[in-house]
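Remarks on the overall topology
As a plain string of letters, each chain reads:
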Amino acid sequence: MNEITTLVLLLSAVALTKASPLYHLVGLPSIGTSHGLVYVKIGRELTRRGYKYTLVVPTWQENDLKESLAGLEVKSYDTPITGEDLEKVILKEAEGKLNITERNDFWKTSCESLLKNKDLLESFNGHVDMVVCDITSICCAIVADFFKVNRVDLAPIGFVDPYVSFIHNFPSPVAYVPHGTVKLPKRLAFVDRLQNLLLYCIGYVMHEFVFMPPFEDLWRSYVKESKFSSLNEVFRATGILLIPNDFALDFPRPFGSHVKVIGPILPDPPKPLPTETHNFITQGNIKDLVLVSFGTVISNFKSDFVETITSGLAQVSAKVIWKFKGQLPQNVSANIRIVPWMQQNDILGHTATKVFFTHGGLNSVLEAAYHGTPMVVLPLFGDQPANAMKVQEAGIGIILDLQDLTPIQVTNAITEVIQNPKYKENAMKVSKLIRHRRITPTEEACDWIEYGLHNNAGLHLRSQADNLSFFQLYLLDVLSLISVVILCLIILLYYCLKYCLMHVVQMCFKKLKTE
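Residues numbered from 1 in each chain as written. Predicted model: local features only at pLDDT ≥ 70, side-chain atom pairs only at ≥ 80, totals over all residues. Heavy atoms only, no water.

1. A few points about the packing of aromatic side chains
Let me state the cut-off plainly: Each Phe, Tyr or Trp ring, with Trp reduced to its six-membered ring, pairs with another whose centre is within 6.5 Å; inter-plane angles below 30 degrees give stacked pairs, above 60 give edge-to-face pairs, and intermediate values give tilted ones. Counting from the N terminus, the helices are the DSSP runs of H or I reaching at least four residues and the strands are the DSSP runs of E reaching at least two. Only protein chains enter the area calculation, which uses a 1.4 Å probe; residues under 20% of their type maximum are buried, those over 50% are exposed, and those in between are partly exposed.
Scanning the entire structure with this criterion turns up 18 aromatic pairs. A ring pair is formed by Phe124 and Phe147, whose centres lie 5.3 Å apart and whose planes are at 70°; its orientation type is edge-to-face. Here Phe147 lies in helix H7 (residues 138-147) and Phe124 lies in the loop between helix H6 (118-122) and strand E4 (130-134), a separation of 23 residues in the sequence. The residues Phe124 and Phe147 share a single accessibility class, namely buried.

2. What to know about the pairing of strand E8 (residues 289-293)
To keep things clear, this is the line we draw: DSSP bridges decide pairing: two strands pair if at least two such bridges lie between them. Crossovers are marked right-handed if the path from the first strand over the helix to the second runs clockwise, as seen with the strands pointing away from the viewer.
Most of E8 is tucked away: 5 of the 5 residues are buried. Alternating positions in E8 separate into two faces, Leu289, Leu291 and Ser293 on one and Val290 and Val292 on the other, with burial throughout. Bridging between E8 and strand E9 (residues 319-323) involves 5 bridges; their strand directions are parallel. Paired with Leu291 across the strands is Ile321, a residue of E9. Following the chain from E8 across helix H12 (residues 303-314) to the adjacent parallel E9, one finds a crossover that is right-handed. Two elements, E8 and strand E11 (residues 353-358), share 5 bridges in a ladder whose sense is parallel. Bridge pairing in E11 places Val292 opposite Phe357.

3. Considerations on the side chain of Arg337
Inclusion rule: A 3.5 Å cut-off defines polar contacts: any pair of N or O atoms within that distance qualifies, except that in protein one atom must be a possible hydrogen donor and the other a possible acceptor, and neighbouring residues in sequence count only when both atoms are side-chain atoms. In what follows, residue pairs with any heavy atoms lying within 4.5 Å of each other are defined as contacts.
By the element assignment, Arg337 lies in strand E10 (residues 336-339). Judged by its relative accessible area of 18%, Arg337 is buried. Side chain to side chain, Arg337 and Glu276 meet in a polar contact 3.0 Å long. Other than its neighbours up to four places away in sequence, Arg337 contacts Glu276, Thr277, Phe280, Val320, Ile321 and Trp322.

4. Focus on the state of the cysteines
Rule in force here: Cysteine sulfur atoms that come within 2.5 Å of each other are treated as a disulfide pair.
A complete count under the given rule lists 2 disulfides for this structure. Two residues share a disulfide in this structure: Cys111 and Cys139, whose sulfurs sit 2.1 Å from each other. The sign of the S-S torsion, about 80°, decides the handedness of the disulfide formed by Cys111 and Cys139: right-handed. Residue Cys111 is located in helix H5 (residues 100-115), and its partner Cys139 is located in helix H7; the two are separated by 28 residues in the primary sequence. For the pair formed by Cys111 and Cys139, the shared burial category is buried. Two residues share a disulfide in this structure: Cys133 and Cys140, whose sulfurs sit 2.0 Å from each other. Disulfide Cys133-Cys140: the torsion about the S-S bond is -85°, which places it as left-handed. Accessibility expressed as a relative area gives 1% for Cys133, which makes it buried. Listing the disulfide partners of the chain by sequence rank of the bonded cysteines yields 1-3, 2-4.

5. Points about the pattern of salt bridges
Operational definition: We define a salt bridge as a side-chain nitrogen of Lys or Arg found within 4 Å of a carboxyl oxygen belonging to Asp or Glu.
Considering all chains together, one arrives at 13 salt bridges under this definition. For Arg49, the salt bridge identified is with Glu450, shortest N-O distance 2.6 Å. With Arg49 in the loop between helix H2 (33-48) and strand E2 (52-58) and Glu450 in helix H18 (residues 441-454), this pair connects stretches of sequence that are 401 residues apart. The exposure class assigned to Arg49 is partly exposed, which follows from its relative accessible area of 24%. Arg437 is the partner of Asp246 in a salt bridge, and the nearest nitrogen-oxygen pair spans 2.9 Å. On the criterion of sequence distance, the pair formed by Asp246 in the loop between strand E6 (241-243) and strand E7 (259-261) and Arg437 in the loop between helix H17 (421-435) and H18 is long-range, its members being 191 residues apart. The class of Asp246 is buried, set by a relative accessible area of 9%.

6. Digging into the sheet that holds E7
Hydrogen bonds between backbone groups are what pair the strands of a sheet, and the pairing can be parallel or antiparallel. Keep this limit in mind: Helix axes use the C-alpha atoms of the stretch in contact, all axes being lines fitted to C-alpha atoms, and the angles between their N-to-C directions lie in the range 0 to 180 degrees.
Strand order across the open sheet formed by 7 strands is E3-E2-E1-E4-E5-E6-E7, with parallel pairing between neighbours. The open sheet is flanked by strand E3 (73-77) and E7, the only strands paired with a single partner. Shown here is a sheet whose adjacent strand axes are inclined to one another by a mean of 25°, direction ignored. Pairing of strand E1 (residues 24-28) with E4 involves 4 bridges; the strand directions are parallel. Within E4, the position partnered with Leu28 by the bridge is Cys133. Lying on the sheet, H7 is in contact with E1, E4 and strand E5 (150-154); it crosses E4 at an angle near 170°.

7. Things to note about a nonpolar patch on the surface
Where we set the bar: Note that patches include only residues with greater than 30% relative accessible area and no salt bridge, and the join distances are 9 Å for like charges and 5 Å for nonpolar side chains (Val, Leu, Ile, Met, Phe, Trp, Tyr). Here the open area of atoms and residues is found with the Shrake-Rupley method and a 1.4 Å probe, where only the protein chains shown may cover a residue.
Side chains of Leu475, Val478, Leu479, Ile482, Ile486 and Ile490 sit close together on the surface and give an oily, nonpolar patch of about 520 Å² of accessible area. With respect to the helices and strands, Leu479 occurs in helix H20 (residues 476-514). Given the relative accessible area of 45%, Leu479 is considered partly exposed.

8. Some remarks on the environment of Leu366
The topology assignment puts Leu366 in helix H14 (residues 362-370). On the basis of relative accessible area, Leu366 is assigned to the buried category, the value being 1%. Leave out the neighbours within four places in its chain, and Leu366 touches Pro244, Asn245, Leu249, Pro264 and Pro267.

9. A short note on the confidence of the model for the chain
Just so we agree on the cut-off: Per-residue confidence from the predictor is given as pLDDT, running between 0 and 100.
Looking at the chain as a whole, its pLDDT mean stands at 90, while 96% of the residues score no less than 70. Strand E12 (residues 375-377) holds the highest mean pLDDT among the elements of the chain, 98, whereas helix H1 (residues 2-19) holds the lowest, 44. When the criterion is pLDDT under 50, residues 5-20 qualifies, and its contacts beyond four places in sequence or with other chains add up to 0 contacts.

10. What to know about the nonpolar core
Short version of the rule: Among buried residues, those of type Ala, Val, Leu, Ile, Met, Phe, Trp, Tyr and Cys that are joined through side-chain atoms within 4.5 Å constitute a nonpolar core.
Ranked by size, the top nonpolar core spans 41 residues in total, and within it Val56, Leu114, Val131, Ile142, Phe147 and Leu231 carry the most contacts. Beyond its immediate chain neighbours, meaning those up to four positions away, Phe147 contacts Leu121, Phe124, Val128 and Val131. With 38 residues, the next largest nonpolar core counts Ile31, Phe305, Val316 and Tyr423 among its residues.

This is the structure in structure tokens:
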């Protein structure tokens, strides 16, 4: 009986293979380990569904991801840009010392390294059916146009207004959707709205006239016979944008019908910890644990910053596991265990973990929120200040300021979050909302990728906003006409009143004269 069942299953599998062609999907994340991990997880699910999936990353990024790449097809390319260069750029940005030219040169060089690699691009032999693009990688849209295929966009950084809304052309009301890189509250006061408007205007100018032109040049140089007339058109040539975030934590806002909020991809139920880590957490009199990580990009922090963090953690009445790959600090307290790598998701899900001390990267914040772990957030750059504000607004953590950071502030913030039960209570409420799903975010992401593959990238989901000019979109032409009409009516009314008044005066004057 078992042999017959096996034979039937084999025949069914063969029939299914013949009925369904093997579609080839290419994943192209932006540089950065956390972005790559999102694409690895999606790739595994797509592979499980029977698709051929190829991850395309720089060689140095492949090395950073090698622990997670087993079973996936990876094609890598050499680039003069390395992980160390990325770290230097991010550190400069965090210190406010990065100029626009350096930023553009960095990303343009990385993109051109891929576009110049003809051996890699031609190795696909035109057998690519769709590209899954990281929205932060302008280069990916160019590659999709090079292959002459559709794409589905994914934003591992979340909404990050107004940049993602510029690219995908969906509403981002300045009155209540804060800029994605600053600490603005959920409810914007007058001064906040004024600041928000100025930041949006600056962001629009920078996007259109500073960030895009270098990539427009690359696109025109490397993509021949494109059906599009501009890089902006290339960007809008997809109907689906996936946002791996959750309104349990993010601020509610409007978006287009082609935008799908799918929930956080990286968090998973916790797995058993290695024996060494488990013993460190469970043995001894101190039962509380503080987990510390400032992301995957920066490791070579300045020594004074490291000493400040070390001194602050030493005074905390809890055990500490700190992921840190830089120069080890001196005189590390016995309660602190420094490791180059750790199972962050699994430790966050451990019952002993009371606080997550983090830089506020979106994936880290969402992992902690998923597991109901309160946070102390020390934002460094990019979208991290905005993420920190969302943590604070949700009542699940405290924000620290990098510019005036002291050991006592670190100690007090962590102690407050451990001892005040409101943070844990709020974190568990947020966790319940995030987990309330019939399918996992990874499965939902792959459902929409499949939908895009079989339905022309979901272009029918895009609104007519794509076909309207700035004046038409914001009804400036209509308002101009109304203003002209109102002005004409006012002028007409003025002359009518003037005529009537003069007529009355003349009549009165004649009457007085006759008397």
